[in-house]
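Spelled out from the first residue to the last, the chains are:
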Amino acid sequence: MKALEFFNNTRKECLDDLFDFIRIPSVTRDRNAVKDAADWLMKRLKKTADYAELLDTLGNPVILAKWDPQNDNNIHQKVPCILFYGHYDVQPPEPLDKWISPPFEPEIRDGRIYARGVGDNKGQLFANLRAIECIHQSNELDVRVIFVFDGEEELGSPNLEKALEKKSELFKDVDLIIVSDGPADPTWKPTLEFGARGIQTIQINLQSANDDVHSGNFGGIQPNPVWDLISILKTMRNDGGKCLIEGFYDDVFTPSKEALDAAKELNRNPEVYKQQLGIDYFGEELDQPLSHRVMFRPTFNIRGIQSGSVRGKAKTIIPKDAVIEIDVRLVPNQTPEKIEKLFLAHLGKISQKSERMAAVIDRCKIEFGASFYPMFTSLELQWTKILEESIEEGFQEKPLKVPLAGGSLPLYSLYKIIEKPMYIIPYAQPDEANHAPNENLMVEWFEKGVRTSIILLRRLVKEEIEM
Ligand SMILES: [Zn+2]
């Protein structure tokens, strides 16, 4: 493969170019700096891409690029079209005093590049871009490639969907989507992910009186909002960790045999979790295997409660209000909308149980916050084997297949517009420290990433693909 050779011979200048890109402090809210990074990308894309366009949005630009096959001997023969997604905005670098070297002056120490955004996501994005460039340079590009560069991922990509919608024509032939973002599996094995859980956040705010009052003088009269919220919460979950909201599990998907096998192969050890987390017993659905609980099952989590004061600030009062926040992790085929509906219906039902409960719920303000849909690509598709083999060749190690990553990604808009199988292949090692000081990317992982992408773009041409 000439492209691999070309990459191996240009490793030094590849890193120099990556450093130039990383030096641009494209913190999402700094629109000028993000624009500089967008201009940098546009200039680079124009050298090889057949099409590159910077789309203005209400926020930061989205960039689209496309490469056509160079050796299209038979114009009528359909060749696969691969869409890559990456984001070029970065998290703020603060706290600055925790950085060993300045966040926007990349430095290599012990084989790792240290800089804000190197892992999340400029380095991983650049690995994919570099792979396309090397193949193009070697005249070996036999597939169609589209690249979406997002400038607002760290804000949840609020303007991406609208921007992509306008260009939907461009995406109609896409066969699969590849995203290199996030860290690889904690076991340090190269990783192929097929989706991520979704999320719906819920806030219940109960103000039951005008003011905090003396718990002696008014104890027995003023209702305590914490007790009342606890009463509500107790109706939502049993001691075995099951959510009691009617219909909550109705849409939960049944994992296929392949997905179950992959989960089994992850070989998650309960003892390792116990040690890592410092826990003696597990949470959530006790009747489900551990590997299912971390990916195939939804969770109903209390993410925080606030009311009154404790410890050094404790006062003997009846607090006037209490706030509780819940996050529900969704699995395929659950939707945030349905969860909202079920949650409200549940409150309606407990209102009917007593007048008092109805009065409490009447004073509750319910707000539904951030939500992402779950995403899942079936493991049975033909692409799985090709991607798996490419990663194995690029990393010289068999990858782990993770059916569903535990976290949630703002990639749903991409998925929704394009409606094609989506894969996540992280090129950052597990301790990349994304969003934290001293974010870093191992040079070895970056280079293995470039090689993997070159290999998979070449493998995707092979004839055995059914189009
Ligand atoms: Zn991030």
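Residues numbered from 1 in each chain as written. Predicted model: local features only at pLDDT ≥ 70, side-chain atom pairs only at ≥ 80, totals over all residues.

1. Describing the overall build of the protein chain
When you go through the protein chain residue by residue, the secondary structure sums to 14 helices and 19 strands. In terms of overall dimensions, the protein chain is globule-like: its C-alpha atoms have a radius of gyration of 25 Å, near the 23 Å expected for 467 residues. Once the C-alpha set of the protein chain is aligned to its principal axes, its extents read approximately 85 × 50 × 45 Å. Split into buried and exposed, the 467 residues of the protein chain put 42% on the buried side. (Helix = DSSP H or I, 4+ residues; strand = E, 2+ residues; numbered from the N terminus. Rg over C-alpha atoms; globule rule 2.2 N^0.38 Å. Buried ≥ 20, exposed ≤ 12 C-beta atoms within 10 Å, placed from the backbone.)

2. Examining unusual backbone geometry
With an omega of 5 degrees, the peptide bond between Asp-120 and Asn-121 qualifies as cis. Tracing the sequence through the fold places Asn-121 in helix α4 (residues 118-137). Cis geometry marks the peptide bond from Pro-332 to Asn-333; its omega dihedral reads -5 degrees. For Asn-333, the position within the fold is in the loop between β14 (321-330) and α10 (336-351).

3. Observations regarding the pairing of strand β7 (residues 176-179)
Taking every second residue as pointing to the same face, both faces of β7 are buried, with Leu-176 and Ile-178 on one and Ile-177 and Val-179 on the other. Two strands pair when backbone bridges link them, and strand β3 (residues 81-87) and β7 are joined in this way by four bridges, in the parallel orientation. Bridged to Phe-84 within β7 is Ile-178. Alignment of β7 against strand β18 (residues 422-424), held across three bridges, turns out to be parallel. Among the inter-strand pairings, Val-179 is bridged to a residue of β18, identified as Ile-424. (Pairing = 2+ DSSP bridges.)

4. Some thoughts on the environment of Lys-46
Tracing the chain through its elements places Lys-46 in helix α3 (residues 31-48). C-alpha of Lys-46 to C-alpha of Ala-65: the two residues are 19 residues apart in sequence and 8.8 Å apart in space.

5. Structural notes on helix α7 (residues 257-266)
Listed as buried for α7 are Ala-259, Ala-262 and Ala-263. Around the axis of α7, the buried residues are gathered within 100 degrees of arc, so they sit on the same side. Across α7 from its buried face, at more than 90 degrees, point the exposed residues Lys-257 and Lys-264. Within two residues after α7, Asn-267 carries a phi angle of roughly 55 degrees, on the positive side. (Arc of directions from axis to C-beta.)

6. Remarks on the pairing of β14
Looking at chain direction, strand β10 (residues 198-207) and β14 are connected through 10 bridges and run antiparallel. Its bridge partner being in β14, Ile-202 is matched across the sheet by Ile-326. Examined bridge by bridge, strand β12 (residues 299-306) and β14 share seven bridges and lie antiparallel to one another. Looking at the pairing, Phe-300 lines up with Val-328 of β14.

7. Topic: the sheet that holds strand β19 (residues 440-442)
Neighbouring strands of a sheet are bound in pairs by backbone hydrogen bonds; such pairs are parallel or else antiparallel. Spatially, β4-β5-β19 is the arrangement adopted by the three strands of the open sheet, whose pairing is antiparallel. Each of the sheet's edge strands pairs with one partner strand only, and the pair in question is β4 (107-109) and β19. Pairwise comparison of adjacent strand axes, ignoring direction, gives a mean angle of 30 degrees for this sheet. In the sheet, strand β5 (residues 112-114) pairs with β19 via three bridges, with the strands oriented antiparallel. Residue Arg-112 lies in a different strand from β19, and its bridge partner there is Met-442. On the sheet, α4 packs against β5 and β19 and is oriented at approximately 45 degrees with respect to β19. Together, β4, β5 and β19 form the strand contacts of helix α14 (residues 443-459), whose direction differs from that of β19 by roughly 65 degrees. (Axes fitted to C-alpha atoms, helices over the stretch in contact; angles between N-to-C directions. Contact = placed C-beta atoms within 7 Å.)

8. Focus: the sheet that holds β14
Pairing within the open sheet is antiparallel, and its four strands lie in the order β12-β14-β10-β15. Lying at the two open borders of the sheet, with one neighbouring strand each, are β12 and β15 (364-372). Neighbour-to-neighbour, the strand axes of the sheet open up by a mean angle of 20 degrees, direction not taken into account. Both β10 and β15 contribute to a ladder of seven bridges, which runs antiparallel. The partner of Ile-199 across the bridge, within β15, is Phe-372.

9. A word on the environment of Glu-265
Tracing the backbone shows Glu-265 in helix α7. With 13 C-beta atoms packed within 10 Å, Glu-265 lands in the partly exposed category. Considered as a pair, Glu-265 and Ile-279 are 14 residues apart in the sequence and their alpha carbons are 24 Å apart.

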